[in-house]
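Listed below are the residues making up each chain.
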Amino acid sequence: MVNALFENSSQSIEFFVNSDYKETKNVDPRTTLLTYLRENGYTGTKYGCGEGGCGACTVVIAEYDRNRKMINYRSANSCLLPVCSLNRKQIITIEGIGNPENPNPIQKKFAEGNASQCGFCTPGIVMSFYALLKLNPNPTKHDIEESFDGNLCRCTGYRPILESAKSFASDCCSSTDSSCSSSSSKSSCNSAFLNEYKPYDPSLDRPFPSKFMSHDSQEIPLFLKQDNYLWIEPTNLGELLKAKAAFPNAKIVGGNTEIGVEMNIRSFDYTVFINISNMKETKSVEVSEIDGKKSVEIGANITLSSLIESLKILKINSPTHHNRLYDALLSNLKWFASRQIRNFATLAGNIVTGSPISDLSPILMANNAVLTVMNESQGHRQIPIRSFFKGYRSNDLKSDEILFKISIELPSNELTFVKAYKQAKRKDDDIAITNACIRVSLDKKQENNFVINELNISYGGVAPTTIYLGKLETKFKDSKWGDEQLFDNILDSVLEEVKFAYSVPGGMPTYRRCLSVSFFTRFWYQVIKELGIREKDLDPKDLENLEEIEREITRGTQDIGLLNSDEHALGTTNPHLSALKQVTGVARYVDDIPKQNGELCGVLVMSTKAHARIKSVDASKALSLDGVYDFITYNDLRHNKCGAIVKDEEILASNEVFFAGQPIGLIVAESKKLAKKAALLVKVDYEPLEEIITIEDALKKNSFFSFNREIKKGDFDEKTFVIDEGNRNEFVFEGSCHIGGQEHFYLETQGCLVVPKNEDNELEIFSSTQNPSEVQKEVSTALGIPMNRVICKVKRLGGGFGGKETRGGSIAAIASAAALKLQKPIRFILDRDVDMLITGTRHPFLGKYKIRVTKDGYFKALYLEIYNNAGYSLDLSSSVCERALTHCDNVYNFPKIHVKGRLAKTNIASNTAFRGFGGPQGMMITEMMISEISEKLAMDPNEIRQKNFYKENDITHFNMPIEDWFIPEMWNTLMENSQYIKQKEEINLFNAKNRWKKRGLAIVPSKFGLSFTTRFLNKAGALVHIYTDGTILLSHGGVEMGQGLHTKMIQIAANTLQIPIDEIYIAETATDKVPNTSPTAASVSSDMYGMAVMDACQQLSERIKPYREKNPNGNIGDWALAAYFDRVNLSADGYYQTPDLSYDWETNTGRLYFYFTNGVAVSSVELDLLTGDHTILRSDIIMDIGKSINYSIDIGQIEGAFIQGVGWCTIEELLVQTNNNTAFTRGPGNYKIPGFRDIPVEFNVKILRDKVYKHLKTVKSSKGIGEPPLFLGASVFFALRDAVVAARRSNGVNSPLVQFPSPCTAEILRLACEDSLVKKSQVEPKVILM
Ligand SMILES: Cc1cc2nc3c(=O)[nH]c(=O)nc-3n(C[C@H](O)[C@H](O)[C@H](O)COP(=O)(O)OP(=O)(O)OC[C@H]3O[C@@H](n4cnc5c(N)ncnc54)[C@H](O)[C@@H]3O)c2cc1C
Ligand code: FES
Ligand code: FES
C-alpha cells in the first residue's frame, strides 16, 4: 500500500542555502540543518547547545506561501531542524546577508555598536534580528526588545546589542524618549549615529528563488531513505493516515523541537519519520458552534507562532468573554520557549509529548478541550483532554493514530473568567516550574453578589502529568466569590490536591505547592477587581498591582566623560578589531577549521558513578562497529597525571572514578555521530564507594585537602569574642553564609583539533584554551614527547571566563594520544552537556563568621572560616581560596581579623577558575554578614559600610597599602547620580501602597586585587615583526576571548610605534611564537602583555628612528624598507615582569597585588511576592579603571561582568541529581544564565575620570577590568534582600533574615517572604525513626 501511495513520490529534496542551489538524495533523516550547514562550509552558524536553548545556531528559513502569495520568513534553531524538512525552502545563513567587505546594515551597526565581544553568539543574534526585519521592516523598540527571547550572550550584558538593534526602530528618537537627550554621554538611543548608517532596505536582500514560487511544480510526497532510516512527507491527510497505518511506529514530526532534543541530547534513535509540518490540513483556526456551545477549533499542527497570530486576529471581533480564553492562551504562549521554537513547534507536539510542565495543557484542561484523533481504519474519535494523559509522558493515543484537531470550549458569558499563569526560573525561554489555568463561571445573585457555578482549575508541574482538580469543579457551587472564608476553603482544597513528598523528583515541593495557591490568590483578586465587588474587609491594597511585572523598554547611559587623550591610538572608543568578522560569521573558532585529510572524531566514555572502583571496562561492542577506529584509555598515555598546581588528577580514570562524568576513555570514529553511538556501547562495571557531594557532607566526613591557609591581623585571645557583663555598647554575632557555584556557560564549548605531523612526533594543536603553554606542557608530559614538538595555537575563543584556564590540558592530551597513536587528525569538541558535566564551575562557598561590633556599627574583630567546594581534585582551588581570603575585607577596615580557608574534597567535577576567582565569594560573605548584623543592630547597612571604609594609607590584613583610594568619593558620587535617597523614598512609598509587590534598593562597593597571587605567573612576552611593506605582525602570549585584548595590544603597539592601527595584525596566539606564557587570566593580561608589547615596539621604534628622522614625511613602509636595506633587525621580542610583588603567605609580609580596581553599584528591583519573580528596575555603576586604553571595550567588560554577577547571585543555580549524584544542570534547558530581559531596565555606567594616580605603574595608568565589576552584580542580590525584608515586615515577620543564600532564586525569594501561603504550603522533610 505504501509503495502504491508513493509511486509518484520524490526521492530527493531541493533547497537553497543563500543563493546556492542544493539537491540531494542521500540524506540521513536524523541530520540536523546545523550539522548539514557546518559540514558544508557554512560555519558562521554555531553550535552552542544542540537543544534549542542558546540561539547560536539561528538561521532564517524562507518559504513561499502559495495561498497568500508571499514569502514567509521564520527564524529557526538549525540544531533542531531536520534538513529533510526543508524541501523547496531557502535557508538564509549569516554568510548570506553580508560579509566584512559589504556588511548588511545590521552587521555594520552591531560591529560598530560593540554588540559583539567573543562573537560566538553574534551570528545567531544577527539572524534573529534579520528575521524580525524581514517580517517587519519597521519594528518598534518594544518589538525589538521582545525579538531576542531565543538568544543568549555571555559576554556583553546585552545592552549594546539592544542599543544597536533599537537604532533600527521606527520609534527610535521619539520625542518622549528621555534617553535621547543625553549630551555628554553616549545615550542608549544612538540618534547621533543614525545618520551614519544605511537604513535597512529589504529590497537589497537576496531574492527568494523564483524556482520555488512557480505553480507548475505540484506538491508531491517525499520518500527519502538512507540505510534503515526513512523520511516520509505526505501532502494530505489521506496520505498521512495511510503512511501511519503502514508504519505505526513511525515518529510523526511536527516542529521536531521535542524529537530533536530527544535525539540530540537523550540519544533516542527513531528510524521512520512522517513529517506533517508542511501539510496544510492540520493548521486552521476557526470558531464553530454545536448545540449552542461555541468552541475554537485549532488544527493540531499549527505552529505556535501562527496560533498567536490567529488568536490576535480572532480577538479583534470577538466578545470580551471569548477574548478571556484567547488572552489566557496568548499569555502562556508569550512565555512559551523562544520565537525560534514557536516558529516551528506545534500544538499537537506539545500535547502529545505530554510533559507535566506543558504550558498549554493546563489551559486546555481547565477549558474542557476535546481532542480529535484519527487513524485510517476507524476514522476519527474524540478524547476529552481531561482523560488523555495516562502517566508521565504517556497518553491515550494509539500507535496508528494522529492528533488532528483540538476544540476548546469558549466562555459562554461575561461572568466566565479564565486566566493562565506560569512561573519559571527565568522569564524568557524557560520551562515552567509550575503553571496553571483557572476558570470560573459565576452567576449573579444580586448587586455585589456573585456565586460560583463551576470552578475549573488545572495545574502543571505538580504531578507526573498536568492535573485537573475535578473535585473542586462543583464543590463550591453557589458560594459567594469575594467571601474570605470561601477563599480559605478553596486554598485548603487546592493544597489537599497538590501534595508532594519532600523528595519529589524536580524538587522545590514547598515552592510548587505555594505557587499553586499563589496563582489562585492572584486569580481570586483579579476576578474581584474585574467584577468590581466591594467587600467591607477588602483592603484597596489587595487590588493594587495584581498583574505580573511588566518591564519598560531598557535604556541607560555610558558616561565616559570627555575624550581628551593626548596619547596616539589610546584612550579611544574604537570597537573590537574583529567585530566585523564576528558579525558576518567569518571569524573562525576551533571547530570552524575545515575538516583535515583523514580526520577522525573523539567522544568520551565517562563515569556514571560519583565514586566507585572500576571493575571492568569492555569496549568490544563499540569497536566492532564499522568506522570505529579505537578506544583510547589510560594505557595509551605515558604519564596519566595532570593538574594545574598539583598533579593529582588522572587524565583517564584507571581503577577508580571520583565524580560522575570523569573521563574513562575516548572512542575514536569516522564521525561524531558514530563515535557517540559507539561510546554508549562501552560497558563499565563499578563497585560503588562512599560519595561526598557538598561542603556540609565534607564537614561531616572531614573530607578536606591538606591546605590550611590563614591570615591574622591584630591580637586575638579568648576574650576577643566575649562581651563583659554590663557592656551594652558592643555585640558579638555569629552566622553562616552560603554561596552557590556558577557554570561558565561560555557559548563555545571546549575542544581541540590535533594534527599529527607524521614526523618526530610533532603535534599541532588548535585549542580553545586560555592557557596554550599549559596545553603544550600537559600534552608533552602525558605523551612523553618533548615540548619542542608540540605547538598549541589559539585564534580566538568563544568566551572563557576562567573555565578554559586549566581544563583544556587534559582534553588536548586525550585527543593527542589518539592522534599520535593513529597518526590521524583528531577533532574532539565537547557537546554542551559533556562540557557542563566535566569541566567544573565556580566554587560554591560557605563562610562561618563571628564578629564583634559596637552598637554604632564599628567593626572590632572578625573571625571567619571560609570553605570552598573544590571537587575531586585540587586544580586551582587553593588559589581561589587565597583570593577569597584576601577579598573578604572588601573595602572595610577590620581592626582585628583572623581568616582561615579550607578546601572541601568532594565527588563532583573539579571546580576551577571563574571570573573573579574567589574574590566575589570573599566579598559576598562580608556583605551578607553586614546585612545580617545591620538587621540585628537595627541600623541602616550603609551606615555600617561607610563607618568602616578603608582610608588612604590603611593597611589591609594581607599587608597591602590602600593607595589611590577613591571609594568614599565614588560612593558619594553614585549616591547622588543614582538619586539614591529619592529612590529610597519612592520605594518606601511604593511598598506602603502595595501588598503583592515590593521594591528594594541597595548600594554595594567592591575592591579587587590585580596580579596573579602566584608570583611566577606575573610575567609576559611579545614578539613583533615589521615587514618591508610596513605591516606589522604582532604576537603576544595572551589569548583573545572577547575581552578585546588583541585590540588593546594593537592600540599599544600603534601608540609606541606612532603608526596607524590598521598596519598592525595579530594572527593568533601560539607557543612557537611566544613561549612559556601564563594563562590569560586574573584581569592582568592587558597590563602585562601591554608592557611586553611596549618593550618590543620601543626597541623597534629605536631601530627605525634614524630612517624616520631621515624621511619625516615617509610612512612605516618607507622606514622599514630603508632599515631592511641597511641590514637592521626588524623583529624584536618584548618581556615584562610585574614589579614589587613579594608577598609571603607564611609571614604575611610583602606585597600581594600590584594595585586594586574599584567600583560601586546601586540597584533597585521589583519583586512579585506571589511568585518570587523579579525585575531590575535600575542599576548605576561607577568604576575606577584608571586611564582606559579603550573605553568602549572597558564599558563592555563592566556591563558584561555585572550581568554575569547578577546571574551568579540570582538565577544561576547548579543542581545535582539526588538519586545518582550526577550534575543535573547540563544545558540551557535547566541552567539559566541571564537573558535579554534580565538586565536592568535602566542601566547607567560611569567611569571615574581625571584622577591622579600616584602609585599606579601600568601602561599609561590603565587598569585591569575583566573581573573587578563582577561582584557589583551583588547589588541586585542585596536589593532583592531589601525587598524581601520589606515583604516580611508587611507580613508581620520581624525576625532578621538570616542565611539568605546566593543565588536567591525565585524559590528562595518567594519562600523567604514567609507569608500565610508559604506557611500553609510547607512540605516537611520526613523524619525516619531508626
Ligand atoms: C528550547 C525549548 C524550549 C521549550 N519551552 C517550552 C515551554 O516554554 N513550554 C512548553 O510547554 N514546552 C516547551 N518546550 C517543549 C515543547 O512542548 C515542544 O518543543 C513543542 O511544543 C513540541 O512541538 P513540536 O511540533 O516541535 O513537536 P515534535 O518534536 O515534532 O513532536 C513531539 C511529539 O509529538 C508527536 N506529534 C506531533 N504532532 C503529532 C500529531 N499530529 N499526532 C500525533 N503525534 C504528534 C511526535 O511524534 C512526538 O512524539 C520547549 C522545547 C524546547 C526545545
Ligand atoms: S545550538 Fe541551537 S539553540 Fe543552541
Ligand atoms: S559576545 Fe555573546 S557570547 Fe560572547
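Residues numbered from 1 in each chain as written. Chains lettered and ligands numbered in written order. Predicted model: local features only at pLDDT ≥ 70, side-chain atom pairs only at ≥ 80, totals over all residues. Heavy atoms only, no water.

### Regarding the site of ligand 1
Right, on to step 1. The full set close to ligand 1 counts 36 residues, and Ile 252, Gly 255, Thr 257, Thr 346 and Asn 350 are the nearest of them.
Right, on to step 2. At a separation of 2.8 Å, an oxygen atom of ligand 1 approaches a polar backbone atom of Glu 258.
Right, on to step 3. Between an oxygen atom of ligand 1 and a main-chain N or O atom of Asp 430, the distance comes to 3.5 Å.
Right, on to step 4. Isolated, ligand 1 exposes 970 Å² of accessible area, and the fraction of that covered by the protein chains is 93%.
Right, on to step 5. Elements with a contribution of two residues or more to the shell around ligand 1: strand E9 (251–253), helix H10 (257–264), helix H14 (347–353) and strand E17 (402–409).
Right, on to step 6. For the shell around ligand 1, the leading source of residues is H14, giving five residues.
Right, on to step 7. Across the shell around ligand 1, the residue classes tally to 18 nonpolar, eleven polar and seven charged. (Near = heavy atom within 4 Å. Polar contact = N/O pair within 3.5 Å; in protein donor to acceptor, adjacent residues only side chain to side chain. Areas by Shrake-Rupley, 256 points an atom, 1.4 Å probe, with all protein chains shown as cover. Helix = DSSP H or I, 4+ residues; strand = E, 2+ residues; numbered from the N terminus. Nonpolar A, V, L, I, M, F, W, Y, C, P; charged D, E, K, R; others polar.)

### Overview of the packing of aromatic side chains
Right, on to step 1. With the rule as written, the count across this model stands at 43 aromatic pairs.
Right, on to step 2. Both rings, one in Phe 148 and one in Phe 1236, keep their centres 4.6 Å apart while their planes meet at 15°; by these two values the pair is stacked. Placement of Phe 148 in the loop between helix H6 (141–146) and helix H7 (159–166) and of Phe 1236 in the loop between strand E49 (1222–1223) and strand E50 (1242–1247) is noted, with a sequence separation of 1088 residues between them.
Right, on to step 3. For Phe 148, a relative accessible area of 1% translates into the label buried.
Right, on to step 4. Pairing Phe 1277 with Phe 1278 gives two aromatic rings, centres 4.9 Å apart and planes at 80°, and the pair type is edge-to-face.
Right, on to step 5. Under the relative-accessibility criterion, Phe 1278 is labelled buried at 4%. (Phe/Tyr/Trp six-rings, centres within 6.5 Å; stacked < 30°, edge-to-face > 60°. Buried < 20%, exposed > 50% of the residue type's maximum accessible area, 1.4 Å probe, protein only.)

### With respect to the UniProt feature "binding site: [2Fe-2S] cluster 1" (unreviewed entry) in the protein chain
Right, on to step 1. According to UniProt, the positions carrying the feature "binding site: [2Fe-2S] cluster 1" (unreviewed entry) are Cys 49, Cys 54, Cys 57 and Cys 79. Their sequence span is 31 residues, while the largest C-alpha to C-alpha distance among them is just 10.2 Å; these annotated residues converge on one region.
Right, on to step 2. Along the chain, the position of Cys 57 falls in the loop between helix H2 (33–39) and strand E3 (58–65).
Right, on to step 3. The class of Cys 57 is buried, set by a relative accessible area of 3%.
Right, on to step 4. Once you skip the residues sitting within four places of it in the chain, Cys 57 turns out to touch Leu 34, Thr 45, Lys 46, Ala 76, Asn 77, Ser 78 and Cys 79.
Right, on to step 5. Within the secondary structure, Cys 79 sits in the loop between strand E4 (70–77) and strand E5 (89–92).
Right, on to step 6. The residues contacting Cys 79, other than those within four sequence positions of it, are Thr 32, Leu 34, Gly 50, Glu 51, Gly 52, Cys 57 and Asn 264. (UniProt positions renumbered as here; feature names shortened; annotations may be inferred. Contact = heavy atoms within 4.5 Å.)

### Side note on the packing of helix H16 (residues 484–497) against helix H17 (residues 509–531)
Right, on to step 1. Across the interface, H16 lies against H17 with an axial gap of 10 Å and an inter-helix angle of 150°. Compared by their axis directions, H16 and H17 come out roughly antiparallel. H16 and H17 meet at a crossing whose hand is right-handed. Residues Leu 486, Phe 487, Ile 490, Leu 491, Val 494 and Leu 495 of H16 pack against Arg 513, Ser 516, Val 517, Phe 520, Thr 521, Trp 524 and Tyr 525 of H17.
Right, on to step 2. Taken together, the residues of the contact of H16 with H17 sort by class into ten nonpolar, two polar and one charged. (Axes fitted to C-alpha atoms, helices over the stretch in contact; angles between N-to-C directions. Parallel < 35°, antiparallel > 145°, perpendicular 65-115°, else oblique. Left-handed = near helix turned anticlockwise from the far one by under 90°.)

### Looking at the nonpolar core
Right, on to step 1. Residues Phe 110, Phe 129, Phe 148 and Met 924 are the most contacted members of the largest nonpolar core, which totals 213 residues.
Right, on to step 2. Take this core: its biggest share by element is eleven residues, from helix H31 (residues 1085–1110).
Right, on to step 3. When near neighbours in sequence (up to four residues on either side) are disregarded, Phe 110 contacts Ala 115, Ser 116, Ile 125, Val 126, Phe 129, Phe 148, Ile 161, Ser 164, Ala 165 and Val 583.
Right, on to step 4. In terms of nonpolar packing, the next biggest core, distinct from the first, is built from 50 residues, Val 440, Phe 519, Trp 524 and Leu 546 among them. (Core = buried A, V, L, I, M, F, W, Y, C linked by side-chain atoms within 4.5 Å.)

### Some words on helix H20 (residues 672–681)
For an α-helix, 3.6 residues make a turn, and residues three or four places apart therefore share a direction.
Right, on to step 1. Residues of H20 that are buried include every one of Leu 674, Ala 675, Ala 678 and Ala 679, and no others. Angularly, the buried residues of H20 cover 135° about the axis, an arc narrow enough to put them on a single face.
Right, on to step 2. If you follow the buried residues of H20, they end up packed against strand E23 (600–606), helix H19 (620–623), strand E25 (628–632) and strand E29 (663–669). (Arc of directions from axis to C-beta.)

### Describing the UniProt feature "binding site: FAD" (unreviewed entry) in the protein chain
Right, on to step 1. Residues annotated in UniProt with the feature "binding site: FAD" (unreviewed entry) correspond here to Ile 252, Val 253, Gly 254, Gly 255, Asn 256, Thr 257, Glu 258, Ile 259, Phe 336, Asp 359, Leu 403 and Lys 422. Of the residues just listed, which span 171 residues, the most distant C-alpha pair is 28.1 Å apart, and they do not cluster in one region.
Right, on to step 2. Locating Glu 258 in the fold gives a position in helix H10.
Right, on to step 3. Residue class for Glu 258 comes out partly exposed when judged on its relative accessible area of 25%.
Right, on to step 4. Residue contacts for Glu 258: discarding those within four places in its chain leaves Arg 266, Thr 353 and Arg 393.
Right, on to step 5. The residue Phe 336 is located in the loop between helix H12 (320–334) and helix H13 (339–342) in this model.
Right, on to step 6. Overall, the relative accessible area of 10% leaves Phe 336 in the buried class.
Right, on to step 7. With near-sequence residues (within four places) excluded, Phe 336 lies in contact with Leu 304, Arg 342, Asn 350, Asp 359, Leu 360 and Lys 422.

### Thoughts on the state of the cysteines
Right, on to step 1. Enumeration over the complete set of coordinates arrives at zero disulfides.
Right, on to step 2. Cys 1209 provides the cysteine sulfur closest to Cys 1304, a residue in no disulfide bond, and the two sulfurs are 6.4 Å apart.
Right, on to step 3. Its relative accessible area of 0% is what places Cys 1304 among the buried residues. (Disulfide = S-S within 2.5 Å.)

### Re helix H25 (residues 877–885)
Right, on to step 1. For H25, a buried count of nine out of nine residues is recorded, marking the element as mostly surrounded by other parts of the structure.
Right, on to step 2. Within the span of H25, buried status applies to Ser 877, Ser 878, Ser 879, Val 880, Cys 881, Glu 882, Arg 883, Ala 884 and Leu 885.
Right, on to step 3. Residues of H25 that are buried make contact with strand E31 (709–713), strand E37 (845–854), strand E38 (859–871), strand E39 (896–905), helix H26 (919–937) and strand E40 (997–1010).

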